Amino acid sequence: QVQLVESGGGLVQAGGSLRLSCAASGRTFSDYGMGWFRQAPGKEREFVAAISWNGGWTYYTDSVKGRFTISRDNAKNTVYLQMNSLKPEDTAVYYCARATTRWSTMSSAYVYWGQGTQVTVSS
């Protein structure tokens, strides 16, 4: 059973920063790619960032490039999303997810999901 628990969301002013964390259960965390997704009210879920099993590859959607950084600590079974220069359009529920492979930029590869954490950016 894979369990993912996100934390670190909250309310921040535009231009501010937040760091999201996602703690994963299980002994095979380091074997799989991890990703962050977000969903704003009335919008489809968006694939935000991904990281390979060893941290060697990363992916970012264009709207967050240069502002967000995904990282992982396999010793702690945790993946992070550092979000800087936040904008009101970053407001959404953020979800972490685990892939079925070591690395994927296909959202369909991510089948295990956390419960989400709310990020609200005020203008």
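In case you missed it, the structure is sitting above this.
Reading the values: the criteria
Residues numbered from 1 in each chain as written. Predicted model: local features only at pLDDT ≥ 70, side-chain atom pairs only at ≥ 80, totals over all residues. Heavy atoms only, no water. Salt bridge = Lys/Arg side-chain N within 4 Å of Asp/Glu carboxyl O. Buried < 20%, exposed > 50% of the residue type's maximum accessible area, 1.4 Å probe, protein only. Helix = DSSP H or I, 4+ residues; strand = E, 2+ residues; numbered from the N terminus. Contact = heavy atoms within 4.5 Å. Core = buried A, V, L, I, M, F, W, Y, C linked by side-chain atoms within 4.5 Å. Phe/Tyr/Trp six-rings, centres within 6.5 Å; stacked < 30°, edge-to-face > 60°.

K.L.:
How should I be thinking about the pattern of salt bridges in this particular structure?
P.N.:
In the structure shown here, the tally under the stated rule is four salt bridges. Where E46 meets R38, a salt bridge forms, and the shortest distance between an N and an O atom there is 2.8 Å. K65 is paired through a salt bridge with D62; the nearest N and O atoms lie 3.0 Å apart. Like K65, the residue D62 is exposed in the burial classification. Among the ionic contacts, a cluster of salt bridges with common partners joins R38, E46, R67 and D90.

K.L.:
Where do I start with the environment of Q3 in this structure?
P.N.:
Tracing the sequence through the fold places Q3 in the segment before β1 (4–7). Along the chain, Q3 and A23 lie 20 residues apart, while their C-alpha atoms are 8.1 Å from each other. Apart from the residues lying within four places of it in its own chain, the contact partners of Q3 are A23, A24 and S25.

K.L.:
Looking at this model, I keep getting lost on the nonpolar core. Mind explaining?
P.N.:
Soluble globular proteins: nonpolar side chains tend toward being buried together. Judged by nonpolar contacts, the single largest core of 26 residues is most densely connected at W36, F68, I70, V79, L81, M83 and Y94. Only β3 (18–24), β4 (34–39), β5 (46–51), β7 (68–73), β8 (78–83), β9 (92–99) and β11 (117–122) provide two or more residues apiece to this core. With four residues, β3 is the largest single contributor of residues to this core. Discounting chain neighbours no more than four positions away, the residues touching L81 are L18, R19, L20, W36, V48, A49, F68, T69, I70 and Y94. By size, the runner-up hydrophobic cluster in this structure holds seven residues, among which are F37, F47, A97 and A109.

K.L.:
Sorry if this is basic, but what is going on with the packing of aromatic side chains here?
P.N.:
Where two aromatic rings form a pair, the distance of their centres and the angle of their planes describe that pair. Tallying each qualifying case throughout the model produces six aromatic pairs. With centroids separated by 5.1 Å and ring planes inclined at 45°, the aromatic side chains of F47 and Y59 adopt a geometry described as tilted. Here F47, found in strand β5, pairs with Y59, found in strand β6 (residues 58–60); they are 12 residues apart in sequence, far enough to count as distant. Residue classification places Y59 among the partly exposed residues on the basis of a relative accessible area of 25%. Of the aromatic side chains, those joined through ring pairs into one cluster are F37, F47, Y59, Y110 and W113.

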